[in-house]
Amino acid sequence: MSMKKNNLKYRNQIIYQVFPRNFSKKGTFSEIIKKLPDIKKLGTDILYLMPINEIGVICRKGVLGSPYSIKDYYEINKEYGDLEDLKRLISATHDQKMKIIIDIVFNHTSRDSVLTKKHPEWFVHNELGNFTNRFGDWSDITDFTYASDEIIKYLTDVLCYYLKLGIDGFRFDVCSVLPEKFYEYCLPILKKLNKNIIMIGESVHPDFRKHILDLGYDVLDEASLYNYFDILYDYDVFPAFQKAMHGEITLSNYMDKIIEQEQKLPMGYVKLRYIENHDMPRIMSYFKNKEASFCGIALIYMLRGMTFLYNGIETLSDHQISLFDKDDIEWDKKEEDVVSFISKLSLLKKDNIYQTGIFNVINLDDDFILIKWSNEEKDLYAFLNLKGIEKNLDIDFLSDGEYQNLLGFENVIIQNKKYKTIRYPQIIEIKNS
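Attention in this report is confined to the structure presented alongside it. Just so you know, these numbers come straight off a predicted model, no measurement behind them. Every chain is numbered independently, its residues counted from 1 as its sequence is written. Local features in a predicted model are, by the rule used here, given only for residues with pLDDT of at least 70; side-chain atom pairs are given and counted only at 80 or more, and totals for whole chains, interfaces and linings are based on all residues. For side-chain calculations, the full set of non-hydrogen atoms in the structure is used, while hydrogens and water are omitted.

## Structural notes on the overall build of the chain
Only DSSP runs of H or I with at least four residues qualify as helices, and only runs of E with at least two residues qualify as strands; both kinds are numbered from the N terminus onward. Scanning the chain from terminus to terminus reveals 13 helices and 20 strands. Relative to the compact-globule value of 22 Å for 433 residues, the chain shows a C-alpha radius of gyration of 22 Å, a close match. The buried label applies to any residue whose accessible area, calculated with a 1.4 Å probe on protein chains only, is under 20% of its type's maximum; exposed applies above 50%, and partly exposed to all values in between. Residue burial in the chain is summarised as follows: out of 433 residues, 58% are buried. Considering only contacts within the chain whose residues lie at least 6 apart along the sequence, 72% involve residues at least 24 apart. Computed with a 1.4 Å probe, the accessible areas rest on the Shrake-Rupley method; for each residue, only the protein chains presented here act as cover. Here the chain has roughly 17800 Å² of accessible surface; of this, 49% comes from carbon and sulfur atoms. Note on method: radius of gyration uses C-alpha positions; expected globular size equals 2.2 Å times residues raised to 0.38. By definition in these notes, contact holds between two residues if any of their heavy atoms fall within 4.5 Å.

Here's what the structure looks like:
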């Protein structure tokens, strides 16, 4: 079964991820509702909640446990509120003209989940007969086997339950390891309930995929996953970004990986573009100063795909929030110029050139990124100095002159076929006559 539909609209959109526990001091749905206008101000189209269900106790990590160790898919985590609070959040999000999706964890449950008690035969066991998982150091969970069609029907019913509440779609945790027969069964049913359902898949890192295959388990590749998902994570290239920022490879090497995506992924593909998420270090672990971080933020807007913002990016933090304990975002460090900058980028992102335009990378220097977008009407150039290196670069495809920076920072100046880099990002537009 293939999801044959036009996904190009997602290339213009912004998604904002919220970890309810640490989003506010109270850590509740009600506190998220209060912040919805601020989230919308960033240009957000989709609010994405990390898992909202009751968390297991056995082998719990930390004091409060991982939200990805779910005890009951039908029970709301009492930390966050109750079902009525969730309904209010759904309604309030829609009132802000945003969609709302939730995290779905169907590879495993907690080791004391209601399903391990009711259907122990649905799970993986070790040679001693104890619950276990197939791969990964996840001692607080146990994996489904998917050996029974009953599991597939049960999990599909869970998805239908949340769609009927008003949830607009789902982000599937480690979607690559779920069997194709699950997607083939559930998607037609889900589409009947909501023909515009949003399906986002956390496709796994290539090295992790190889590890799972080496252990003898099947893992879906990205081409197969695009039959079922509108949007996939960009873990196929993100490790190259991390290596480039840590000096192990050049930024040009990373952008080569981006171009390889263009060459091998299906027409109309959509990737999530992020610098940080709940599994990754925060933005300022990569950048030396605010100017460079602004270039990094501009990058995730200028790459082809949906821009992904993780709660707290407004604070430009280097502190990775704990998954297992109360560890609040330091909102007192939020900077209004960061909010204004993100909002401006989100407004620029609505240009149709990012849906159907031609995307290219121009190599001026190994550690400087220049991206070009083109259509019949205009060319857009993004000059991104992620390393903060000031130098003169040869440039022979733009005429000498001064070009207005759409982001409000210093303009682009070309003199004698030379471009002098600045520390802030620059985006210019050239109309085609």
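## Quick notes on the side chain of S293
Residue position: S293 is located in helix α11 (residues 290-302). Polar contacts here mean pairs of N or O atoms no more than 3.5 Å apart (in protein, one a potential hydrogen donor and the other a potential acceptor; neighbouring residues in sequence count only if both atoms are side-chain atoms). At a separation of 2.7 Å, a polar atom in the side chain of S293 contacts the main-chain carbonyl oxygen of K290. In contact with S293, not counting residues within four places along its chain, are I283, M284, F287 and L316.

## A few points about the pairing of strand β1 (residues 14-18)
The buried count for β1 comes to five of five residues, which makes it a mostly enclosed element. Of the two faces of β1, the one lined by I14, Y16 and V18 and the one lined by I15 and Q17 are each fully buried. Only when DSSP finds a minimum of two bridges between them are two strands counted as paired. Judged from the four bridges that link them, β1 and strand β12 (residues 306-310) form a sheet pairing that is parallel. By the bridge assignment, Q17 is partnered in β12 with Y310. The sheet contact formed by β1 and strand β2 (residues 46-49) spans four bridges and is parallel. Paired with I15 across the bridge in β2 is I46.

Any functional reading would require information beyond the geometric quantities listed.
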